[in-house]
Structures are given as structure tokens and as C-alpha cells.
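Breakdown of the fold
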Amino acid sequence: MKENDSCGVLPLSFALSSYSVEKEASVYNFVNPGVISHSEILALYKSLIDPNHTYQLVNKEVLKTLIKAGRSDNCLDTTKLESALPECQIPHISVSIQDVFTRMKKNVRKNILLTGGAGFIGSHVANFLVERYSFYHVVVVDKITYCSNEKNLDPSANKPNFVFIKADISDAEKMKEIFETYQIDTVMHFAAETLVDNSFNNSNAFTNSNVIGTHTLLHCARHFGVELFLHVSTDEVYGEVKDGIPRKETATLTPTNPYSASKAAAEMLVQSYHHSFHVPVIITRSNNVYGPAQYPEKVIPSFLGNIRAGKTCPIYGHGQHLRNFLYVGDAVEAFDLLLHKGIIGQTYNIGVNNEHTVMSIAKQLHEILGKPMNIEHVKDRPYNDTRYVIDSTKLHLLGWKPKTSWKEGLKKTIEWYLKHGEYYWG
Ligand SMILES: NC(=O)c1ccc[n+]([C@@H]2O[C@H](COP(=O)([O-])OP(=O)(O)OC[C@H]3O[C@@H](n4cnc5c(N)ncnc54)[C@H](O)[C@@H]3O)[C@@H](O)[C@H]2O)c1
């Protein structure tokens, strides 16, 4: 920790323009009166901007080992400056720093519209943002389809910086009203119909929510001049990767099923609004995400439910289709990073090196739950991509890397389902 110092902060502009200072050619200590320590500044930052900010103070001896140049306290006498500007009442340095932080807080506020926030990934992200950034206002919009659950948002429900609105993102009038009422400046767009199997039978619902819904939001984003439209897409837009070469963000999109086609179509609209109207967009394409509170229709929670209930796990075709699995906590960190450091106009893959066949997932889950393997091969999807492999170097360069091992992620997921069971969805 560095001890007390004088600093020049604010408001010094009035002093610069002051006639009396300009008139007298002289030397002034141009700082605020008083001293402040680094730890006091950090404490002010924590209380005024970010209560979750963590820092570590080091003593002078340790500091010497960290910084080669000698450091000393300084305290400048401001009597001369104060007497030259008697009408200005230059504030004490701690008052000025408080003022800076208060204004900074106003500047860093965000009014985030988070769509699909009662679903799996959206709710994890919404709860994280509400807790982590008390000075952001998070407005969750969700239609509450069969796979969503308002309980997913319980951790945020009573927080002053959170609002939940039940609405359809393709309802243009409602969306306009929400953007206007909540002065939305940031969109994080998770809402979508997400189950590939459903898309073979009910493709229109996918077009309505994933394409028309996205288009409606883009229109509002353009009209209200948002600062960021973060669009959540999927690795499935690349189509299957038979050659095993990890797809970079520049690869051609060749979706093979109505779900991935609707996601690719939505991306095209997002790109077009960026190019034509300069809407500041970022697109993400992630691997399969797993973790607590995922509706039990996706492979891991559905197998878990079947195994626990003593039912057979259905395996499409030969069960050798490969998928990469990303833990939801790591996905949340990627979205947090992109919200703050993502580069406008860019697309980012969010991928891990954690590939398993569907058959292997069934085997691992039976083993962990101590049950004999109980599977049944069923008719495969009309088309089932064999594999998705993506290159996430771009996101790594921005500072993200997954922290949760497969073992740890599965453990947390299984514990959650053992505790909440399928009754969670009623
Ligand atoms: N889960 C994954 O493995 C995965 C992987 C890559 C990308 N994604 C993408 O991430 C996003 C979130 O996925 P998820 O797994 O959390 O999905 P989910 O199905 O759990 O949640 C989607 C949410 O969107 C809501 N929704 C659907 N249509 C809507 C509409 N018209 N208006 C308002 N709300 C609507 C649903 O009610 C639901 O709460 C999706 O865009 C999905 O394509 C998911």
C-alpha cells in the first residue's frame, strides 16, 4: 500500500480559467488540498461503483520488491493556490474523488434488455449480471414457453436493478414500449426456440421467434440507437464438421436443420443491420452448454431424469455423434467478457475441447449414478450432424478460458438435478 499522497483531480478547470492565476505569473502547487491513500481510493471505488471489487493491499516492504523505483509520500501545500482563488473553494481531494466516481457510475450504467432470460443460459447470465453489477439495470423479457421457468430468476426477483416482463420478442409494439420505457442501451439476445428435434416438426415457431423476433429487436435497436446488440448464436450454424478442422468465425455457414438454419438466418439479419445501419453488434457461436436448470429435453438432463426414474435412455441411431460440452458458468464468463470487452462488428466462437459421443454420455451418467447401462437405439433425426468443432482463439486472445473441468461441471449439474428433480418444471 502506498501511503498518503496529494493529487490533482477535479474540478481544476475553473482554476485554469481563473483570471487571478493567469494574471500572476507564478508557481502554484496545482492539486486539491489534503491527501488520500490508495486504499482510501479503492474503498471509495468499492462503495460507490462496484461493491464486488476485490483488491489486495501490500505493505511498504512488499511494495519495494514489486516496484524497482523508490516510492515516497508527497503532500503539497495548497495555501498559495487557495488564497489566489478564494471564491473557488477547491474541494478536499477525497471529496473530488467521490465526485469523479459518482459521475463515473452514471457513465458506466447500462440498461440491459436480456431476452430469453427465463430459459437456461439467459437466466444464468441475468442472475450473474444483476448480482455482479448492481449499477446495471437488467430487464428480462421472456415469452415463457414450455422450457422456461420464472423460478430460474428467483435470485434476482427482489433486486432493485431487475425487472421481468412476460412478452414475445416478435411483438413489435411491446418491444418498442420496453425500449422506450427502460431506455434500453444494451441488448443481450438469448431468446429462441432451441430444440433441434422440435424444429423438424414445427419449423414456423422457429422462424417466428428466431428470425422475426430477432428482426423486431434489431429494428428497435436501430431506432433507439443502442450501444451494443449482443446476439447469441450457435456452433450449429457451421453445419457438421466432417473433416475435423476447427471452424474459425470466418467459415461459411452451412446449417443442416431448421433450427440451425433459423439461427443462421437471424445472424444474417444481425450482420445486415450492422453494415447498413451501423447497429453495434457482436455475435457469439457456442458449443452445447450444460449445467443446472437446463430443461430436461437436452441430452444430459434428459438422460439423468431417465436413469433416475429407471427408464431407458433413447439413443439416436448409432449414438456416435460427437458434441462438445461447455459448462454454463464458463459461458456466463464469456458473455460477461464480451459485454465489456468484445469488439463491435465481430463474431466470437465460444468453444471447449470436451468432446463426447452421445453413447459415451449415457455410459458416463449410468456409471456416476451407479446404475446398469439401460439404453435403446431409436430412429435417428431426419438429419443429425456428426460433429461440430470450432476454433475459439479469438475469444482466448480477449482473455477468456474455460475454468470448469468436465468432471466438476458434471458433478455440479448432477447435484442440482438430484436436489431439484424434474418437479422443478411442474
Ligand atoms: N443450450 C445450448 O447448448 C446452446 C448452445 C449454443 C447456443 N445456444 C443459444 O443460446 C440461447 C439460449 O439457449 P438456452 O439453451 O438457454 O435455451 P432455452 O430454450 O432454455 O431458453 C430460451 C428462452 O427463450 C424464450 N423464448 C423463446 N421464444 C421467445 C419469444 N418469441 N419471445 C420471448 N422469449 C422467447 C423461452 O421461453 C426460453 O425461456 C439460444 O439463442 C440458443 O440458440 C444454446
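Every chain begins its residue count from 1, and numbering advances along the sequence as written. Local features in a predicted model are, by the rule used here, given only for residues with pLDDT of at least 70; side-chain atom pairs are given and counted only at 80 or more, and totals for whole chains, interfaces and linings are based on all residues.

Things to note about the overall build of the chain
The test is simple: Note on conventions: DSSP H or I runs of at least 4 residues are helices, E runs of at least 2 residues are strands, and numbering of each starts at the N terminus. Here the C-beta atoms are placed from the backbone, and a residue counts as buried if at least 20 other C-beta atoms lie within 10 Å of its own, exposed if 12 or fewer do, and partly exposed otherwise. Note on contacts: residues are paired as contacts if their backbone-placed C-beta atoms lie within 7 Å.
Across its full length, the chain carries 16 helices and 12 strands. Its C-alpha atoms give the chain principal-axis dimensions of about 90 × 50 × 45 Å. Relative to its 426 residues, the chain shows a buried fraction of 36%. Across the chain, every contact between residues at least 6 apart in sequence was considered, and the portion connecting residues at least 24 apart equals 84%.

Things to note about the UniProt feature "domain: NAD(P)-binding" (unreviewed entry) in the chain
Which entries qualify depends on this criterion: UniProt positions are given in the numbering used here, feature names are shortened, and annotations may be inferred rather than shown by experiment.
In this structure's numbering, the residues bearing the UniProt feature "domain: NAD(P)-binding" (unreviewed entry) are residues 113-413. Between the end C-alpha atoms of residues 113-413 the distance is 27 Å, and the span holds 40% helix and 19% strand.

Some words on the site of the ligand
Selection rule: Defining nearness, a residue is near a molecule or strand when the C-beta atom obtained from its backbone falls within 6 Å of it. The nonpolar class holds Ala, Val, Leu, Ile, Met, Phe, Trp, Tyr, Cys and Pro. Asp, Glu, Lys and Arg form the charged class, and all remaining residues, Gly among them, are polar.
Around the ligand lies a shell of 31 residues, among which Gly116, Gly119, Phe120, Ser148 and Ala192 are the nearest. At 3 residues, the largest contribution of residues to the shell around the ligand is made by helix 7 (residues 120-132). Per-class residue counts for the shell around the ligand are 13 nonpolar, 13 polar and 5 charged.

Regarding helix 10 (residues 203-224)
Stated precisely, the cut-off is as follows: One less than the residue count of a helix, multiplied by 1.5 Å, gives the span that helix is expected to have. Two axes enter the definition of the bend at a residue: one is fitted to the seven residues ending there, the other to the seven starting there, and the bend is the angle between them.
The terminal C-alpha atoms of helix 10 lie 31 Å apart, and with 22 residues this matches the ideal 32 Å at 1.5 Å per residue to within 8%. Maximum bend of helix 10: about 25 degrees, positioned at Ile212. Along helix 10, the residues classified as buried are Phe206, Ser209, Asn210, Val211, Gly213, Thr214, Leu217, Leu218, Cys220 and Ala221. In this structure, the buried residues of helix 10 make contact with strand 1 (110-115), helix 8 (172-181), strand 4 (186-189), helix 9 (196-201), strand 5 (228-234) and helix 11 (258-277).

Considerations on the nonpolar core
Operational definition: To form a nonpolar core, buried Ala, Val, Leu, Ile, Met, Phe, Trp, Tyr and Cys residues must be joined through C-beta atoms within 7 Å.
Counting 81 residues, the largest nonpolar core has Leu114, Val138, Val139, Val187, Phe229, Phe303 and Ala331 as the members making the most contacts within it. Beyond its immediate sequence surroundings of up to four residues, Val187 is in contact with Leu113, Leu217, Ala221, Val226, Leu228, Phe229 and Leu230.

Considering the sheet that holds strand 5
Just so we agree on the cut-off: Should DSSP find at least two bridges between two strands, the strands are regarded as paired. Geometry is summarised by axes, namely lines fitted to C-alpha atoms with helices restricted to the contacting stretch, and by angles between N-to-C directions that run from 0 to 180 degrees.
Pairing is parallel in the open sheet, where 7 strands are placed in the order 3-2-1-4-5-6-10. Strand pairing shows two members of the sheet lacking a second neighbour, strand 3 (162-166) and strand 10 (347-350), which therefore form its edges. Put simply, the sheet's adjacent strands are angled 20 degrees from each other on average, direction ignored. With 6 bridges connecting them, strand 1 and strand 2 (residues 136-142) associate as parallel partners. Its bridge partner being in strand 2, Ile112 is matched across the sheet by Val138. Across the sheet, helix 11 is in contact with strand 5 and strand 6 (281-286); its angle to strand 5 comes to roughly 155 degrees.

Some remarks on the sheet that holds strand 7 (residues 288-290)
Pairing within the open sheet is mixed, and its 3 strands lie in the order 7-9-11. On the outer flanks of this sheet lie strand 7 and strand 11 (355-357), each paired with one strand and no other. Between one strand axis and the next, the sheet turns by 50 degrees as a mean value, whatever way the strands run. Sheet topology places strand 7 next to strand 9 (residues 322-327); 3 bridges connect them, and they run parallel. Residue pairing for strand 9: Val289 is matched across the bridge by Leu326.

Some details on unusual backbone geometry
It is generally the case that most residues other than glycine have a negative phi and that most peptide bonds are trans. Unlike most non-glycine residues, Gln183 shows phi in positive territory, near 50 degrees. Within the fold, Gln183 resides in the loop between helix 8 and strand 4. Using a count of 11 C-beta atoms within 10 Å as the deciding quantity, one classes Gln183 as exposed. At Ala293, a residue that is not glycine, the phi angle is positive and equals roughly 70 degrees. With respect to the helices and strands, the residue Ala293 is situated in the loop between strand 7 and helix 12 (299-308).

As for the pairing of strand 6
Where a strand is regular, its side chains alternate between the two sheet faces. Among the 6 residues that make up strand 6, 6 are buried, leaving the element largely enclosed by the rest of the structure. The two faces of strand 6 match: Val281, Ile283 and Arg285 on one face and Ile282, Thr284 and Ser286 on the other face are all buried. Pairing between strand 5 and strand 6: 6 bridges, direction parallel. Paired with Phe229 across the two strands is Val281, which belongs to strand 6. Here 4 bridges tie strand 6 to strand 10, and the two strands are oriented parallel to one another. Bridge assignment links Thr284 to a residue of strand 10, and that residue is Tyr348.

Quick word on helix 7
The first and last C-alpha atoms of helix 7 sit 19 Å apart over 13 residues, in line with the 18 Å expected at 1.5 Å per residue. Taken across its 13 residues, helix 7 has 10 buried, putting it largely inside the fold. Its buried side turned inward, helix 7 meets strand 1, strand 2, strand 3, strand 4, strand 7 and helix 13 (328-341).

Notes on the environment of Met104
Examined against the element boundaries, Met104 turns out to sit in helix 6 (residues 93-108). When the 14 C-beta atoms within 10 Å are taken as the criterion, Met104 is described as partly exposed. In the structure, Met104 is positioned 56 residues away from Leu48 in sequence and 9.4 Å away in space, judged by C-alpha atoms.

What about the packing of helix 12 against helix 14 (residues 358-368)?
Put simply, the rule reads: We call two directions roughly parallel when the angle between them is under 35 degrees, roughly antiparallel when it is over 145, roughly perpendicular when it lies between 65 and 115, and oblique otherwise. With the far helix as reference, a near helix turned anticlockwise by less than a right angle produces a left-handed crossing, and one turned clockwise produces a right-handed crossing.
The interhelical angle for the contact between helix 12 and helix 14, taken along N-to-C directions, is 45 degrees, at an axis separation of 10 Å. With respect to each other, helix 12 and helix 14 are oriented oblique. Note that helix 12 runs across helix 14; the crossing there is right-handed. Here Val299, Ile300, Phe303, Leu304 and Ile307 of helix 12 lie close against helix 14, whose contacting residues are Val358, Ile361, Ala362, Leu365 and His366. Taken together, the residues that form the contact of helix 12 with helix 14 break down as 9 nonpolar, 1 polar and no charged.

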